[in-house]
Amino acid sequence: MNAQIIISTLLYLLAQTLVWFQLYGPIKIPWIKENQWIIYAAAIPITYIFAQGTKIGYEGFGEAWPLRFVGFSMGILSFAILTSYFMNEGITLKSIISVLLSLLIVVIQVVWK
């Protein structure tokens, strides 16, 4: 696995984590609820992070399809962790299997040439 793929995956994970705070933060975190315009303004740097992750990932993979799956999977992973922690929604067996499947998607995209 090359460095570009790792960097791209980490950028997607960061961007997906920030998006979680934009969408679900106002429900459980008072500061975010009271300062929603700051969160809305964060859309610009978040979009930049996604764009850089896409650019770097495309250079690493040499094609676009793997990037879609990596982005989706990082969204599932961050959602599972953050929702469990901040919203006290336990991770059920169904959720665990879904997270494992999303990670398997990333492994397939990275390893299978």
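Residues numbered from 1 in each chain as written. Predicted model: local features only at pLDDT ≥ 70, side-chain atom pairs only at ≥ 80, totals over all residues. Heavy atoms only, no water.

Observations concerning helix H1 (residues 3-28)
Between its first and last C-alpha, H1 extends 36 Å over 26 residues, near the 38 Å set by a 1.5 Å rise per residue. Maximum bend of H1: about 40°, positioned at Gln 22, with proline Pro 26 one to four residues after it. Taken as a whole, H1 has its buried residues at Ile 5, Ser 8, Thr 9, Leu 11, Tyr 12, Ala 15, Gln 16, Val 19, Trp 20, Gln 22, Gly 25 and Pro 26. For H1, the N-terminal capping position is held by Asn 2, with its side-chain oxygen 3.0 Å away from the main-chain nitrogen of Gln 4. (Helix = DSSP H or I, 4+ residues; strand = E, 2+ residues; numbered from the N terminus. Expected span 1.5 Å × (residues − 1). Bend = angle between axes of the 7 residues up to and from the residue. Buried < 20%, exposed > 50% of the residue type's maximum accessible area, 1.4 Å probe, protein only. Polar contact = N/O pair within 3.5 Å; in protein donor to acceptor, adjacent residues only side chain to side chain.)

Regarding the packing of helix H5 (residues 65-87) against helix H6 (residues 93-111)
Running from N to C, H5 and H6 point in directions that differ by 150°, and their axes come no closer than 9 Å. Classed by the angle they form, the pair H5 and H6 counts as roughly antiparallel. Crossing of H5 over H6 shows left-handed handedness. For the pair formed by H5 and H6, the contact residues are Trp 65, Pro 66, Phe 69, Val 70, Phe 72, Ser 73, Met 74, Ile 76, Leu 77 and Ala 80 on the first element and Ser 98, Val 99, Ser 102, Leu 103, Ile 105, Val 106 and Gln 109 on the second. (Axes fitted to C-alpha atoms, helices over the stretch in contact; angles between N-to-C directions. Parallel < 35°, antiparallel > 145°, perpendicular 65-115°, else oblique. Left-handed = near helix turned anticlockwise from the far one by under 90°. Contact = heavy atoms within 4.5 Å.)

Some thoughts on the nonpolar core
Generally speaking, nonpolar side chains in soluble globular proteins are found buried as a group. Ile 5, Tyr 12, Phe 61, Leu 67, Val 70, Met 74, Leu 77, Ala 80, Val 99, Val 106 and Val 110 form the largest nonpolar core, which has 11 residues in total. Mapped by element, the contributors of at least two residues to this core are H1, H5 and H6. Of the residues forming this core, the biggest block, five residues, is contributed by H5. In contact with Val 99, other than residues within four places in its own chain, are Ile 76, Leu 77 and Ala 80. (Core = buried A, V, L, I, M, F, W, Y, C linked by side-chain atoms within 4.5 Å.)

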